[in-house]
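Chain by chain, the residues run as shown.
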Amino acid sequence: MAKGYWVSVYPAISDPEALTAYDKLAGPAVRAGGGRTLSLGSRVVAHEAGITQRVVLIEFDSFEQAVAAYESEAYQKALVALPDGVERDFRIIDSID
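Residues numbered from 1 in each chain as written. Predicted model: local features only at pLDDT ≥ 70, side-chain atom pairs only at ≥ 80, totals over all residues. Heavy atoms only, no water.

Observations regarding the packing of aromatic side chains
Here is the rule we go by: Ring pairs are drawn from Phe, Tyr and Trp, using the six-membered ring of Trp, whenever the two centres fall within 6.5 Å, and their geometry is named by plane angle: stacked under 30 degrees, edge-to-face over 60, tilted for the rest. Each helix is a run of DSSP H or I of at least 4 residues and each strand a run of E of at least 2, with the numbering of both proceeding from the N terminus. Charge-over-ring contacts are defined here by two conditions on Lys NZ or Arg CZ: a distance within 6 Å of the ring centre and an angle within 35 degrees of the ring normal.
Tallying each qualifying case throughout the model produces 7 aromatic pairs. Measuring from centroid to centroid gives 6.1 Å for W6 and Y70, while their planes differ by 80°, and the two rings are edge-to-face. In this pair, W6 sits in strand β1 (residues 4-13) while Y70 sits in helix α2 (residues 63-71), placing the two residues 64 residues apart along the sequence. Cluster of aromatic residues (ring-pair linked, three or more members): W6, Y22, F60, Y70, Y75 and F90. Its end group placed over the ring of Y10, R54 keeps NZ or CZ at 5.1 Å from the ring centre.

Put into structure tokens, the structure is as follows:
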């Protein structure tokens, strides 16, 4: 079964400390949904049009599990805490196999 992944890229973060409330809610919600954080993007080398801001990669056992975790009540509460000063490009993708 193909795995599912959350990929979050943060082109702009005006106040990194403001992410704390979101992170405190999002982490437990992700784990409760079966997600495993593979990278928090503390070290990034960008090429072409890439950015060196935060990149987060989270793995789930399936694409459907990844979608369900995003739609969960717990994660939706975390999204409310995401600060206005954060620009984020978020995607749910599946693996090849």
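Describing the environment of F90
The line we're drawing: Residue contacts follow a heavy-atom distance rule, with two residues in contact if any of their heavy atoms lie within 4.5 Å.
You can see F90 is positioned in strand β4 (residues 86-94). For the pair F90 and G4, spaced 86 residues apart in the sequence, the C-alpha separation amounts to 13 Å. When sequence neighbours within four positions are dropped, the list of residues in contact with F90 reads W6, V7, S8, Y70 and Y75.

Re the packing of helix α1 (residues 19-32) against helix α3 (residues 73-80)
Here is the rule we go by: What counts as an axis is a line fitted to C-alpha atoms, over the stretch in contact for a helix, and the angles between N-to-C directions run from 0 to 180 degrees. An angle counts as roughly parallel when it lies under 35 degrees, as roughly antiparallel when it exceeds 145, as roughly perpendicular when it falls between 65 and 115, and as oblique in every other case. Here a crossing is called left-handed whenever its near helix is offset anticlockwise from the far helix by less than a right angle, and right-handed whenever the offset is clockwise. Nonpolar residues are Ala, Val, Leu, Ile, Met, Phe, Trp, Tyr, Cys and Pro. Charged residues are Asp, Glu, Lys and Arg, and all others, Gly as well, are polar.
Axis separation between α1 and α3 bottoms out at 8 Å; the angle between their running directions is 165°. Of the possible angle classes, the one that applies to α1 and α3 is roughly antiparallel. Pair α1 / α3 crosses with left-handed handedness. Facing Y22, L25, A26 and A29 of α1, the residues of α3 in contact are A74, Y75, K77, A78 and L79. Of the residues contributing to the contact of α1 with α3, the split by class is 8 nonpolar, no polar and 1 charged.

Digging into the pattern of salt bridges
Inclusion rule: One side-chain nitrogen of Lys or Arg within 4 Å of one carboxyl oxygen of Asp or Glu is enough to make a salt bridge. The buried label goes to any residue with under 20% of its type's maximum accessible area, the exposed label to any with over 50%, and the partly exposed label to all in between, with areas taken from a 1.4 Å probe on protein chains only.
Under the criterion given, the structure shown has 6 salt bridges. Between R54 and D23 there is a salt bridge, with its nearest N and O atoms 3.3 Å apart. Of this pair, R54 sits in the loop between β2 (36-39) and β3 (55-60) while D23 sits in helix α1, and the two are 31 residues apart along the sequence. Judged by relative accessible area, D23 falls into the partly exposed class, the value being 32%. For R36, the salt bridge identified is with D61, shortest N-O distance 3.0 Å. Of this pair, R36 sits in strand β2 while D61 sits in the loop between β3 and α2, placing them 25 residues apart in sequence. The structure contains a network of salt bridges with shared partners spanning K3, R36, E59 and D61.

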